[in-house]
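Each chain is listed here by its residues.
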Amino acid sequence: MHSVSRQISCSGKKIGLVPTMGYLHEGHLSLIKKSKELCDITVVSIFVNPTQFAPTEDFEKYPRDIEHDNKLLKEYNVDYVFIPSLEEIYPSGYQSYVYVNEISKKFEGEFRPAHFKGVTTVVSILFNCVNPDLAFFGQKDAQQAAVIKQMVSDLKYDIEIVVCPIVRERDGLAMSSRNVYLSPEERTKALTLHKAILYARKLIEGKEMDPQKVIGNMKVIIGEEKSIKLDYVGIVNTYGFREADLIEEGNEYYILVAARVGNTRLIDNELVRLQ
Ligand code: PAF
């Protein structure tokens, strides 16, 4: 990968990296489309990264279908697919980790304490292997994108991070490889999360400027679906992921939600811009 990327860079071409854990869906394909639009060469990496899963989480059963992924990537004319082995990324004796301090601790970080350390470590390894000019991440994992932007700024990576909008199923469910875990009943219940976010957006657009009131309303909607176990709801500034004390015109916010539906943990968010 190093020598391929060196050759491409020497020829003056721009490399776009789409890091994934495979089991590709429309959300990933939207990142690939964006990379192909903005870059000369698109590299998609597929690596299910063990260090971002806690021992109690779903690393072993995380969905994998490399044949289907490769077929899709061929259809999309992706230039390179980078599928490193576990031993290549973390050879025996591996010792180095990248941790972005503050922003990794809140929201997802509270419920998945080692998660972002694993993400920033592997993304930094992938950046070093592929040496991209641009890298593409989904807004679905908005906090992950914010953590990576902070890492890129702190560690002076010369890489532009592009965050692409969430892709949703027709009924509003945010696309995720983990949606395959949901039974048909759970899938219907999961829609409550998006319903709560949309209601929150409506309140904010109607000039409800108190985040706590908006959050209170979201909790009521989600609370009506007894089988959903809420982890958090929040309203944060898009830059830096700081919790909003007051919603102000001219600013951008993410309305966040994370919850468990049955055994499946889902996250979702919506971007609001107040003019
Ligand atoms: O978003 C993901 O799929 C993963 O967290 C990433 C960025 C590929 C790192 O393993």
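What comes next is a walk through the structure. Bear in mind that the values here come from a model prediction, so they are computed numbers and not experimental data. (Residues numbered from 1 in each chain as written. Predicted model: local features only at pLDDT ≥ 70, side-chain atom pairs only at ≥ 80, totals over all residues. Heavy atoms only, no water.)

With that settled, the discussion passes to the sheet that holds strand E5 (residues 160–164). Sheet architecture is open: five strands sit in the order E3-E2-E1-E4-E5, paired in parallel fashion. The sheet terminates laterally at strand E3 (80–82) and E5, the two strands that pair on one side only. Mean inter-strand twist for the sheet, computed between neighbouring axes without regard to direction, equals 25 degrees. Relative to E5, strand E4 (residues 134–138) runs parallel, the two being bridged by five bridges. Residue Gly-138 lies in a different strand from E5, and its bridge partner there is Cys-164. Running over the sheet, helix H3 (residues 66–75) touches strand E2 (41–46) and E3 and is turned about 170 degrees from E2. (Pairing = 2+ DSSP bridges. Helix = DSSP H or I, 4+ residues; strand = E, 2+ residues; numbered from the N terminus. Axes fitted to C-alpha atoms, helices over the stretch in contact; angles between N-to-C directions. Contact = heavy atoms within 4.5 Å.)

Take the layout of surface pockets next. A volume near 280 Å³ is recorded for the second largest pocket. Of all the elements in the fold, those that place two or more residues in the lining of the second largest pocket are helix H7 (142–154), E5, strand E7 (252–261) and strand E8 (264–273). In the lining of the second largest pocket, the residues fall into nine nonpolar, four polar and three charged. (1 Å grid on protein atoms, 1.4 Å probe; cavity = no way out; pocket = protein on both sides within 12 Å on 5 of 7 lines; lining within 4 Å. Points joined across faces, edges and corners; volume = space filled by probe spheres on them. Nonpolar A, V, L, I, M, F, W, Y, C, P; charged D, E, K, R; others polar.)

As for its position among the elements, Thr-238 is in the loop between strand E6 (228–237) and E7. Of the polar contacts made by the side chain of Thr-238, one reaches the side chain of Glu-252; its length is 3.1 Å. In this structure, Thr-238 is in contact with Glu-252, Tyr-253, Tyr-254 and Leu-271, ignoring residues within four places of it in sequence. (Polar contact = N/O pair within 3.5 Å; in protein donor to acceptor, adjacent residues only side chain to side chain.)

On the surface, a cluster of negative charge is made up of Glu-110, Glu-243, Asp-245 and Glu-248. Position of Glu-243 among the secondary structure elements: in the loop between E6 and E7. The class for Glu-243 is exposed, based on a relative accessible area of 51%. (Patch = residues over 30% accessible without salt bridge, like charges linked within 9 Å, V, L, I, M, F, W, Y side chains within 5 Å. Areas by Shrake-Rupley, 256 points an atom, 1.4 Å probe, with all protein chains shown as cover. Salt bridge = Lys/Arg side-chain N within 4 Å of Asp/Glu carboxyl O. Lys, Arg positive; Asp, Glu negative; His and termini not counted. Charge placed at Lys NZ, Arg CZ, Asp CG, Glu CD. Buried < 20%, exposed > 50% of the residue type's maximum accessible area, 1.4 Å probe, protein only.)

Most of strand E1 (residues 15–20) is tucked away, with six of its six residues classed as buried. Judged by which residues are buried, E1 turns out to be covered on both faces: Ile-15, Leu-17 and Pro-19 on one side and Gly-16, Val-18 and Thr-20 on the other are all buried. Sheet analysis places E1 next to E2, joined by six bridges and oriented parallel. Bridged to Gly-16 within E2 is Thr-42. With helix H2 (residues 26–38) bridging E1 and the parallel E2, this β-α-β connection has right-handed handedness. Examined bridge by bridge, E1 and E4 share two bridges and lie parallel to one another. Paired with Gly-16 across the two strands is Leu-134, which belongs to E4. (Right-handed = clockwise from strand over helix to strand, strands pointing away.)

Together, Ile-66, Val-81 and Ile-83 give the surface a local cluster of nonpolar side chains, amounting to about 210 Å² of exposed area. For Val-81, the location among the structural elements is in strand E3. For Val-81, a relative accessible area of 33% corresponds to the partly exposed category.

Lining the immediate surroundings of the ligand are Pro-19, Thr-20, Met-21, Asn-49, Gln-52, Val-122, Val-123, Phe-137 and Gln-144. Take Gln-52: an N or O atom from its side chain is 2.6 Å from an oxygen atom of the ligand. Gln-144 is positioned with one of its side-chain polar atoms (N or O) 2.7 Å from an oxygen atom of the ligand. Out of a free accessible area of 290 Å², the ligand has 89% covered by protein chains. (Near = heavy atom within 4 Å.)

Contact geometry of helix H8 (residues 184–205) with helix H9 (residues 211–223) gives a least axis separation of 9 Å together with a crossing angle of 155 degrees. The orientation of H8 relative to H9 falls into the category roughly antiparallel. Pair H8 / H9 crosses with right-handed handedness. Where H8 abuts H9, its residues Thr-192, Leu-193, Lys-195, Ala-196, Ile-197, Tyr-199, Ala-200, Leu-203 and Ile-204 lie against Val-214, Asn-217, Met-218, Ile-221 and Ile-222. (Parallel < 35°, antiparallel > 145°, perpendicular 65-115°, else oblique. Left-handed = near helix turned anticlockwise from the far one by under 90°.)

Val-123, Phe-127, Phe-137, Ile-148, Ile-161 and Phe-241 are the most contacted members of the largest nonpolar core, which has 41 residues in total. Secondary structure elements with two or more residues in this core: E1, E2, helix H6 (115–130), E4, H7, E6 and E7. The biggest single contributor to this core is H6, with nine residues. Those residues in contact with Phe-127 that sit more than four places away from it in its chain are Leu-17, Pro-132, Ala-135, Phe-137, Ile-148, Met-151, Val-152, Tyr-157, Ile-159 and Ile-161. (Core = buried A, V, L, I, M, F, W, Y, C linked by side-chain atoms within 4.5 Å.)

Before going further, it helps to examine the environment of Pro-113. Within the secondary structure layout, Pro-113 lies in the loop between helix H5 (108–111) and H6. Considered as a pair, Pro-113 and Pro-91 are 22 residues apart in the sequence and their alpha carbons are 24 Å apart.

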